[in-house]
Protein chains: 4
Amino acid sequence: MRVAIIGGTGYGAVELARILKMHPYAELTTVISHSQSGNSLAEVYPHMTGIIEQSMKTLDVKALSKTIDLVFFATPSNVSKEIVPEFLQYGVTCIDLSGDFRLKSPELYAEWYQAPAAASVYLDKAVYGLSEIYQENIKKAKLIANPGCYPTATLLGLIPIIQKEWIDPNSVIVDGKTGVSGAGRGLSLNVHFSEMNENVKAYKLGTHKHIPEMEQVLKQEANTDIQVTFTPHIVPMTRGIMTTIYADLTESVDQVTIQQLYHEFYQTQPFVRIRPEGILPTTKEVYGSNYCDIAIHLDKRTDKLTIVSVIDNLVKGAAGQAIQNMNIINGWEETAGLEHPPIYP
Amino acid sequence: MRVAIIGGTGYGAVELARILKMHPYAELTTVISHSQSGNSLAEVYPHMTGIIEQSMKTLDVKALSKTIDLVFFATPSNVSKEIVPEFLQYGVTCIDLSGDFRLKSPELYAEWYQAPAAASVYLDKAVYGLSEIYQENIKKAKLIANPGCYPTATLLGLIPIIQKEWIDPNSVIVDGKTGVSGAGRGLSLNVHFSEMNENVKAYKLGTHKHIPEMEQVLKQEANTDIQVTFTPHIVPMTRGIMTTIYADLTESVDQVTIQQLYHEFYQTQPFVRIRPEGILPTTKEVYGSNYCDIAIHLDKRTDKLTIVSVIDNLVKGAAGQAIQNMNIINGWEETAGLEHPPIYP
Amino acid sequence: MRVAIIGGTGYGAVELARILKMHPYAELTTVISHSQSGNSLAEVYPHMTGIIEQSMKTLDVKALSKTIDLVFFATPSNVSKEIVPEFLQYGVTCIDLSGDFRLKSPELYAEWYQAPAAASVYLDKAVYGLSEIYQENIKKAKLIANPGCYPTATLLGLIPIIQKEWIDPNSVIVDGKTGVSGAGRGLSLNVHFSEMNENVKAYKLGTHKHIPEMEQVLKQEANTDIQVTFTPHIVPMTRGIMTTIYADLTESVDQVTIQQLYHEFYQTQPFVRIRPEGILPTTKEVYGSNYCDIAIHLDKRTDKLTIVSVIDNLVKGAAGQAIQNMNIINGWEETAGLEHPPIYP
Amino acid sequence: MRVAIIGGTGYGAVELARILKMHPYAELTTVISHSQSGNSLAEVYPHMTGIIEQSMKTLDVKALSKTIDLVFFATPSNVSKEIVPEFLQYGVTCIDLSGDFRLKSPELYAEWYQAPAAASVYLDKAVYGLSEIYQENIKKAKLIANPGCYPTATLLGLIPIIQKEWIDPNSVIVDGKTGVSGAGRGLSLNVHFSEMNENVKAYKLGTHKHIPEMEQVLKQEANTDIQVTFTPHIVPMTRGIMTTIYADLTESVDQVTIQQLYHEFYQTQPFVRIRPEGILPTTKEVYGSNYCDIAIHLDKRTDKLTIVSVIDNLVKGAAGQAIQNMNIINGWEETAGLEHPPIYP
C-alpha cells in the first residue's frame with residue numbers, strides 16, 4: 001500500500017517515516033512539505049541519509065490522490081481541516097495527527113483552539129483513533145482523528161475503571177510530565193537547551209487543548225459529566241510522557257480486584273502492559289516503542305487511587321498509534337511495523 | 001562562631017560546607033566522618049580542593065563540644081537521635097538535617113521509619129525548623145529538626161491557605177518532582193546514570209517518610225485532621241524540587257484574593273517569592289539558592305486550586321534552611337551567608 | 001537459526017536481545033546468566049515485559065550446544081576465553097563481544113588486561129569482526145572477536161587513508177567522547193547520576209584497553225609501526241560515541257580527493273555514511289542504529305586532517321556489529337535485523 | 001564603586017549581575033539593553049526577582065559616564081568597538097567581554113570576524129585580560145579585552161610549558177568540549193533541546209574565532225610562530241568547558257618535573273588548581289566558580305603530553321574573569337566577590 005505524509009519537517013512526520021521504513025505492507029512514497037519542497041527529508045534530518053532520499057513536494061491533492069491510498073497529516077492545528085475533505089472525496093483514507101477533528105463539538109473547538117472548527121459533517125465522520133478502545137469503529141473509518149499524547153496515556157489509564165463507575169468522576173486530577181519533543185521543532189526560549197536542561201516547568205494550567213479531548217472521551221465512557229483538572233509539566237528529557245492520575249474511589253474494591261480488572265480489560269491488547277502490584281513503569285521502559293505501560297496503586301490510608309501511565313509521546317502518543325490505526329483499518333495484524341522493542345538504556 | 005558538621009561525605013554536608021564558606025559570622029572548624037576520617041573533604045570532593053583542606057575526624061562528643069558552639073547533623077536516619085542528647089548536655093546547639101526529630105509521635109516514627117524513635121523528651125524539645133513559619137520558636141531552640149525537602153516546598157505552598165480554611169483538608173494531593181541529588185550519594189541502579197537519564201520515575205507511592213511530616217504540620221496549622229496523598233517522582237536533573245499541589249476550594253474566593261493572601265503572608269520573608277498571576281516558577285529559577293518560589297492558580301472551570309512551589313532541594317530543602325535557622329537562633333540577619341542569587345542558566 | 005546469549009544482565013546482552021527480536025532468520029532461544037538464573041530477562045529489564053519472558057539459565061555448554069548454532073558472549077573480560085574452546089569443540093559458532101580474543105599477542109593482552117591471555121591457538125583462530133574491513137575472513141570464521149566501541153569508530157574513520165599512506169602514522173591522536181552506557185550497568189560513583197550529569201570527564205589517559213586494539217589493526221593496515229595517543233572522555237548522555245581523530249598529512253592531497261577516497265572505499269557498505277564536505281555528523285544521527293557516519297576535514301592552514309566518526313556504542317559499537325557479523329557468517333543479507341533507522345530526536 | 005553592564009539580556013550580563021550582587025566593593029547601578037529597555041532584568045530573567053529590579057535603559061554614554069566608574073560590555077561582536085572610545089574619553093574604565101579588542105592585528109580581525117576591526121589606537125591600548133598572566137598590565141589598563149572561554153582554558157593550560165619551550169609549537173592540538181550556554185541565548189535549531197540533548201556535535205572546524213586569539217597569545221609567550229589545530233565540540237550540558245590539549249614533548253622531562261613546573265607557576269594564583277599526578281579534573285568540579293583546574297599527563301609510550309583544563313565557561317570563561325580583572329585594576333584583593341565555592345553536585 002502506498003502512503004503519503006503531509007507536514008514533512010516536524011517530529012511527527014519523521015517519526016512516521018521511521019516506522020513506515022520498518023513496515024511490511026505500507027510504503028512511504030511521498031512526503032509533502034511547503035517550506036522544504038525540493039529538498040529531501042535527509043537534508044532536513046541528516047539521520048535519514050541513505051534511508052529516505054526522495055525530494056519533498058508541494059501539495060496537489062488531486063494528483064497525489066491518484067498515487068496513494070492513505071495520507072497521514074503531521075501538520076499544525078488548523079491545516080488538515082481545510083484539506084481532508086478533498087482527499088476524502090477522492091477516496092483517500094486520512095489519518096490526522098493534529099487536533100482538527102478530535103472534538104465533536106465545533107463550539108468547544110472554537111473555545112479551546114481559538115479558531116473555527118472543521119465542518120460538522122467531517123467532525124461527525126471522524127473516528128477518534130484510540131486504538132485499544134475504538135477498534136471496531138476504526139476498522140470502518142475513512143477519517144481518523146489520532147489522539148493527543150496526554151489523552152492517550154490518560155485515557156488508557158482511566159477507561160477501565162471509569163467504565164466500571166468505581167471512581168468519582170469529578171475527583172479526577174491528571175498530573176502530566178512530558179519530554180521536550182512534545183513541544184515540536186519550533187524554536188522558543190522555553191525549549192532552548194540552556195533554559196530547559198536541569199529544569200522542570202509547569203505550563204498551560206487549565207488551558208491545555210488536551211483537556212476537552214480527555215473530557216469528551218471520559219464523559220462518553222463514564223456515561224456522565226466529568227471534569228478533569230490537568231497540569232502538564234515539561235521535564236528535561238526528549239521523549240516520554242508519564243501521567244499520574246488521581247481519583248477518589250467510590251466503591252470498596254481492593255487492589256487485587258482493580259489489578260484484575262485492568263489485566264482482563266487489556267489482556268488481548270498487544271501494546272498495553274499492566275505492571276504487577278508494587279511495580280511502577282518508567283518512561284524509559286517504553287522509549288521508542290508503541291507500548292503503554294500502566295500501574296495502579298490504591299492508597300488504603302486515603303482511599304485514593306493513583307494510576308501511573310507511560311508512553312513514548314512520539315510513538316504511542318502520535319506516529320505509532322497512527323500506524324496502529326492504519327493496520328486496523330487495513331485488517332493487517334495490529335502490530336505490523338511496530339514490533340521493535342523499546343530501546344534501553 | 002565555630003561550627004561542626006557530622007556526616008561529612010553526603011551531599012548535605014558538602015552543601016553545608018559550601019554555604020558556610022560564604023558565611024560572615026560562622027566558621028566551619030570540624031567535619032566528622034567515620035568512613036573517611038583522616039582524609040580531607042577535598043579528597044572526597046575534589047571541587048573543594050584549596051577551599052576546605054582540613055582532615056575529617058571521628059566523633060568525640062565531649063572533646064568536640066569544647067571547641068564548637070553548634071553542630072549540624074547531615075547523617076542518615078537513626079544516627080542523630082543517639083548523639084544529640086549528649087551534645088545538648090554540653091550546651092551545644094544541634095541542627096539535625098535528618099528525620100530523627102521531626103515527628104512528635106514516637107508511634108508514627110516507628111511506623112514510617114521502621115525503627116524506634118528518639119526519646120520523647122527530645123522529640124518534645126525539638127523545634128521544627130520551617131524558618132518562615134516557626135521563627136519565634138526557632139529563636140529559642142537548642143535542637144532544630146530541619147524539615148525535609150518535599151515538606152518544605154509543600155508546606156510553604158499550603159500553609160497560608162490552610163490557615164484560612166479556604167480549602168477542603170481531605171482533598172489535598174501533592175505531586176512532587178525531585179532532582180536526583182535528593183537520593184543522596186549512595187549507589188543504586190535506580191540512580192545509575194544510564195537508567196535515570198532520559199527517564200521519569202514515580203516511587204514510594206503512599207509510603208514516603210515525608211507524608212507524616214507534612215500531615216503533622218498541616219494538622220496543626222489547619223486545626224483539623226488532614227490526610228495528604230503524595231506521589232514523589234524523580235526526574236533527570238540533579239537539583240531542584242517542584243511540588244504541584246491540588247486542593248478543592250471551599251470558599252468562594254477569587255484568584256486576586258488568594259494572590260493577595262500569599263503576598264501579605266510572605267511580604268516580610270526574604271526567601272519566599274510569590275509569582276504574579278499567570279507566571280509559573282521553574283526549578284532552575286531557584287538553582288543553588290535559598291528561595292522558595294510559589295505560584296497559585298485557581299481553575300474557574302473546576303474550582304480546584306493548583307499551587308506550584310519550587311526550591312533547590314539541597315539549599316532551601318536542606319543545608320540552606322539549616323543555616324537560615326542558625327541565623328535566626330543567633331539573632332543574625334536571616335540572610336547571612338545566603339545572599340547569593342540563583343545560578344542561571 | 002537458534003542462538004543464545006551468555007551474560008544476560010549487561011547492556012550488551014539486552015541490546016542483542018532487542019535486535020534479535022527484529023531479526024528475520026535468527027531466534028533467541030536461551031539467555032544464560034549466573035547471577036540471575038531462574039529470573040526472566042523481563043524481571044531484570046522491565047522494558048522487555050511481554051517480549052522476552054523465558055527464564056535465564058546457568059551454563060551447561062554441552063547441553064546448550066545441542067540446541068543452538070551460535071552463541072554471543074556479552075560477558076566481562078576474562079570469561080569467554082575459558083568457555084569458547086568447549087563451544088568450538090561442539091561446533092557452535094562464537095561471537096565474543098568482550099576483549100578476550102581481540103589482541104593477537106598474548107603478551108600485549110597480559111600487559112593491558114592485567115590477566116593471562118586465551119590460549120594462542122584460539123587467538124590465532126579468532127577473526128577480528130570489523131565487518132566492513134574483514135568481511136572475507138568473517139565469512140569463514142567460527143570465532144569472532146567483536147571489536148570494541150572506540151576502535152570501531154576510530155578504525156572505520158582511519159583505515160581508508162592509512163591504507164593509502166597519506167598520513168604520518170605517528171601523528172595519530174584520537175580524542176573520544178562516549179555516552180555513559182559504555183561503562184556498563186555496574187554501579188560506581190563515577191557514573192552516579194548526580195555526579196555524571198552536567199559533567200565531562202577524561203579518564204584512563206594512555207591506559208585504555210582499546211589502545212593496543214586500535215594499534216594492532218592500524219599496523220596491519222598501514223604496513224608499518226604506529227602508535228596512537230588516545231584520550232577517552234565520558235559525556236552526560238546515555239548512548240553514542242564520537243571519535244575526533246587528528247593526523248598530519250604527508251601527501252599533498254586536497255579535500256575533494258580525500259572525500260572521494262572515502263566515498264569509494266565505502267560505497268558498497270550499507271552502514272557507513274560519508275558526510276559531504278562541510279557537514280559534520282552528530283551522535284544522535286545514528287542513535288539506536290548500526291550506522292557509522294564519518295566526516296573528513298582538511299585544515300588548509302595547518303595541513304592537519306581531522307576525521308569525525310560517530311556510532312551508537314551499543315549497536316555498531318557492540319550488539320549491532322555482532323549481528324552484522326552473524327549475518328555475514330551465515331551468508332544472509334548484511335542488513336538483516338538491522339534495518340531500523342536511527343531514532344531522532 | 002558604581003558599575004554598569006551593557007547588553008543586559010545575554011547570559012554574560014546576567015552572570016555579571018549575579019556575581020556583582022555578591023561583590024563587597026562594586027555596585028551594579030545600571031543595566032543597558034536596547035531590546036528590553038523599560039523592563040527590569042527580573043522580567044527577562046525571573047530568577048532575579050527581588051534581587052535586581054531596576055529598569056533597564058537605553059544607552060546615553062555621556063549621561064551614564066557621569067554616574068559610573070566602570071562599564072562591562074556583554075555585547076555581541078562588533079558592538080563595543082563603536083562605543084568604547086567615547087567611554088574612554090569620559091574616563092570610564094571599559095571591560096569588554098566580546099572579541100572586539102582581543103586581536104592586535106586589524107587584518108586578522110577582519111579575516112576571522114568578517115567585519116572591520118576597531119581603530120588601531122584602541123587595539124593597541126587594549127590589555128588582554130588573562131588575569132593570571134597579564135596581571136601587571138591589567139593593573140594599569142583602562143580597556144580590557146576579556147579573553148574568550150576556550151582561550152582561557154587553553155592558555156592557562158599551555159603557557160607554563162610553552163614558555164619553557166619544552167613542546168613543539170607546531171604540534172599543538174586543542175580538542176574543546178563546551179556546555180551549551182556558550183552558544184548564548186539566541187534561538188537556533190542547533191541548541192534546541194530535543195536536538196541537543198543526548199548528542200555531541202563538533203562544529204566550526206578550523207574556523208572558530210578563538211583560533212587566532214589563542215595563537216596570538218601563544219606566539220608571544222613562545223617567542224616563535226605557532227599554529228593551533230582546534231576542534232570545538234558541544235556536549236549536552238549547560239555550563240563548563242574542558243579543553244584537552246595535545247603536544248609533542250621536545251625535551252626529555254618527566255611527569256614529576258612538569259608537575260612541579262605547573263605547581264610553581266601557579267602557586268600564588270588563587271584560581272588555578274593543579275591536580276596531583278593521575279587525578280583529572282572534571283567540569284562539574286568548577287561549576288559556578290572562577291577556578292581553572294588543570295591536570296598534566298605525560299604518555300611515556302608515545303612521548304606526547306596531554307593537558308586537561310576545565311573552567312566554567314560563564315565564570316572564569318567570561319563574567320568571573322571580568323570581575324577578577326576589575327579587582328586587579330582597582331587594587332582590591334583578586335578574589336573579591338569570587339570566593340563562592342563550586343556548586344556540587
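Just above sits the structure.
Parameters at a glance
- Residues numbered from 1 in each chain as written.
- Chains lettered and ligands numbered in written order.
- Predicted model: local features only at pLDDT ≥ 70, side-chain atom pairs only at ≥ 80, totals over all residues.
- Heavy atoms only, no water.
- Pairing = 2+ DSSP bridges.
- Helix = DSSP H or I, 4+ residues; strand = E, 2+ residues; numbered from the N terminus.
- Contact = heavy atoms within 4.5 Å.
- Axes fitted to C-alpha atoms, helices over the stretch in contact; angles between N-to-C directions.
- Buried area = accessible area lost by both parts, 1.4 Å probe.
- Salt bridge = Lys/Arg side-chain N within 4 Å of Asp/Glu carboxyl O.
- Polar contact = N/O pair within 3.5 Å; in protein donor to acceptor, adjacent residues only side chain to side chain.
- Nonpolar A, V, L, I, M, F, W, Y, C, P; charged D, E, K, R; others polar.
- Least-squares fit on C-alpha atoms with pLDDT ≥ 70 in both.
- Expected span 1.5 Å × (residues − 1).
- Buried < 20%, exposed > 50% of the residue type's maximum accessible area, 1.4 Å probe, protein only.
- Phe/Tyr/Trp six-rings, centres within 6.5 Å; stacked < 30°, edge-to-face > 60°.
- Lys NZ or Arg CZ within 6 Å of the ring centre and 35° of its normal.

Time to look at the sheet that holds strand β3 (residues 70–73) of chain B. Residues and elements named next belong to chain B. Within the open sheet, the six strands sit side by side as β2-β1-β3-β4-β6-β5. Their pairing is parallel. The strands lining the two open edges of the sheet, one partner per strand, are β2 (27–32) and β5 (127–128). Where helix α4 (residues 80–89) meets the sheet, it contacts β1 (2–6), β3, β4 (93–96) and β6 (143–145), and its direction lies at approximately 175 degrees from that of β3.

Our focus in this paragraph is the interface of chain B and chain A. Taken together, the contact between chain B and chain A spans 47 residues of the former and 47 residues of the latter. Buried area between chain B and chain A, both sides added, is near 4,000 Å², and the carbon and sulfur share of it is 56%. At the junction of chain B with chain A, the criterion picks out four salt bridges. With its nearest N and O atoms 3.1 Å apart, the salt bridge here joins Lys177 of chain A to Asp175 of chain B. On inspection of chain B and its partner chain A, the count reaches 36 residue pairs in polar contact (both at pLDDT 80 or more). Mapped by element, the contributors of at least two residues to the side of chain B that touches chain A are β7 (173–178), α9 (193–196), β8 (201–202), α10 (210–222), β9 (229–234), β10 (241–248), β12 (292–299) and β13 (304–311) of chain B. Broken down by element, the side of chain B that touches chain A gets its largest block of residues, four residues, from β7 of chain B. For the side of chain B that touches chain A, the class distribution of residues is 19 nonpolar, 17 polar and 11 charged.

A separate point is the relation of the copies chain B and chain A. Take chain B, turn it by 180 degrees, move it 0.0 Å along the axis, and it overlays chain A with an RMSD of 0.0 Å. What we have between these two chains is a two-fold relation. For chain B, the minimum C-alpha distance to the rotation axis belongs to Pro236 of chain B and amounts to 3.1 Å. In this assembly, 100% of the residues forming the interface of chain B have copies in chain A that are likewise at the interface, indicating an isologous arrangement.

Residue and element names in this part refer to chain D. For helix α10 (residues 210–222), with 13 residues, the first-to-last C-alpha span of 18 Å sits near the 18 Å given by 1.5 Å per residue. For α10, the buried fraction is high: 11 of the 13 residues fall into the buried class. Among the residues making up α10, those that are buried are His210, Ile211, Pro212, Glu213, Met214, Glu215, Gln216, Val217, Leu218, Glu221 and Ala222. In this structure, the buried side of α10 is in contact with α5 (106–113), β5 (127–128), α8 (149–164) and β9 (229–234).

The next point concerns the packing of aromatic side chains. Within the structure shown, the criterion is met by 36 aromatic pairs over all chains. When the ring of Tyr128 of chain A is compared with that of Tyr134 of chain A, the centres are 6.4 Å apart and the planes differ by 70 degrees; the resulting orientation is edge-to-face. When its relative accessible area of 9% is taken as the criterion, Tyr134 of chain A is described as buried. For the ring pair Tyr150 of chain A and Phe230 of chain A, a centre distance of 4.8 Å and an interplane angle of 70 degrees mean the geometry is edge-to-face. In this pair, Tyr150 of chain A is assigned in helix α8 (residues 149–164) and Phe230 of chain A in strand β9 (residues 229–234), connecting sequence segments 80 residues apart. For the residue pair Tyr150 of chain A and Phe230 of chain A, the accessibility class agrees, reading buried in each case. Over the aromatic face of Tyr113 of chain D sits the side chain of Lys209 of chain D, whose NZ or CZ is 5.4 Å from the ring centroid. Here the guanidinium or amino end of Arg239 of chain D rests over the ring plane of Tyr287 of chain D, the centre of that ring lying 5.8 Å away.

Remember that the coordinates give geometry; whether it matters functionally is a separate question.
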